[in-house]
Amino acid sequence: MKFGFLSNNMLKVIACITMLIDHMGVILFPNIMILRIIGRVSFPIFAFLLAEGCFYTRNKLKHFLVISGFAVVMQVVLYLATSMTDFSIFVHFSIAVGICYIIDFIDFIDKFFREKKYIVSISLIIGLILLSCFIFIIDNSTMYFYSNYGIYGIFLPVLMYIVRKYIKDIHIFINIILICIALVLMNHFRAYNYQLYGMLSFVFILLYNGKKGKYNLKYLFYIFYPLHMVILYAIAMFF
């Protein structure tokens, strides 16, 4: 259902602005909790937009390579500029995109090998489950894979993509339910008592009209993320 007035571009700008506010709270004003509360809006919107991007992208291999490439470059930039060793959300999102396209491949193989009693598809699904378990183990056992969203940063956009792919008519409402579940689990298992404020993102997602927007802001997030982090850390070091 598309009855809103917010385009993909407008959602992207809103997510970037709220992310900036969130990181200002982390880096510059750690005692001002309202900044962190406002910042909770950004992640669900980014996850939603990532799923939308995976659904509409035609050249899926290029899309995956671009996001993975940005993840590597930004990790290096952030480490050199801020000495940050934990993985950025880009690493999690690149894994999410890879899993989404594995699902597409499974779907293709499933249709191609219907006469083989789904042997190939079942094997691929088992492999995907094992991969998920491996990611979960790493996420919970090493500081180097840590981010504020952990395993949820990977599987929320993946689940949103599955909904977008197979339940098109009411995908926005089901995705909102998924966001609710993810935020509740994050709040419970990762001891962040402010994650539930991410539900404010529902207002913006419900107003999404399914359109791209007038301008090409495809790489806004890719550029804005490392740029604002470097600037904020530079300001913190200066003062």
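Predicted model, so just to flag it, every value in this text is computed and none were measured.

Observations regarding the nonpolar core
So, step 1. Counting 55 residues, the largest nonpolar core has Ile45, Phe48, Leu156, Met160, Phe221 and Tyr225 as its most contacted members.
So, step 2. Looking at this core, the elements with two or more residues in it are α1 (8-27), α3 (42-56), α4 (60-82), α5 (89-112), α7 (152-166), α8 (171-189), α9 (201-206) and α10 (220-238).
So, step 3. The dominant element in this core, judged by the number of residues it contributes, is α5, at ten residues.
So, step 4. Sequence-distant contacts of Phe48, that is, excluding residues within four places in its chain, are made with Leu11, Met160, His171, Ile172, Asn175, Ile205 and Tyr208.

Quick word on the environment of Leu207
So, step 1. Within the secondary structure, Leu207 is located in the loop between α9 and α10.
So, step 2. Remark: the alpha-carbon pair of Leu207 and Gly4, spanning 203 residues in sequence, is separated by 3.8 Å.
So, step 3. Setting aside chain neighbours within four positions, we find Leu207 in contact with Gly4, Phe5 and Leu6.

A closer look at the packing of α3 against α7
So, step 1. Contact geometry of α3 with α7 gives a least axis separation of 8 Å together with a crossing angle of 45°. When the axes of α3 and α7 are compared, the pair comes out oblique. Once α3 is placed against α7, the crossing between them reads as right-handed. Listed contacts from α7 to Phe43, Pro44, Ala47, Phe48, Leu50, Ala51, Glu52, Cys54, Phe55 and Tyr56 of α3 are Tyr152, Gly153, Leu156, Pro157, Met160, Tyr161, Arg164 and Lys165.

A few points about the packing of α1 against α3
So, step 1. At their nearest, the axes of α1 and α3 sit 9 Å apart, and the two run at 145° to each other. Judged by the sense of rotation from one axis to the other, the crossing of α1 with α3 is left-handed. Contacts between α1 and α3 pair Asn8, Leu11, Lys12, Ile14, Ala15, Cys16, Thr18 and Met19 from the former with Ser42, Ile45, Phe46, Phe48, Leu49 and Glu52 from the latter.
So, step 2. Residue composition of the contact of α1 with α3, by class: nine nonpolar, three polar and two charged.

Procedures and definitions
Residues numbered from 1 in each chain as written. Predicted model: local features only at pLDDT ≥ 70, side-chain atom pairs only at ≥ 80, totals over all residues. Heavy atoms only, no water. Core = buried A, V, L, I, M, F, W, Y, C linked by side-chain atoms within 4.5 Å. Buried < 20%, exposed > 50% of the residue type's maximum accessible area, 1.4 Å probe, protein only. Helix = DSSP H or I, 4+ residues; strand = E, 2+ residues; numbered from the N terminus. Contact = heavy atoms within 4.5 Å. Axes fitted to C-alpha atoms, helices over the stretch in contact; angles between N-to-C directions. Parallel < 35°, antiparallel > 145°, perpendicular 65-115°, else oblique. Left-handed = near helix turned anticlockwise from the far one by under 90°. Nonpolar A, V, L, I, M, F, W, Y, C, P; charged D, E, K, R; others polar.

Keep in mind that these numbers describe shape and distance, not what the molecule does.
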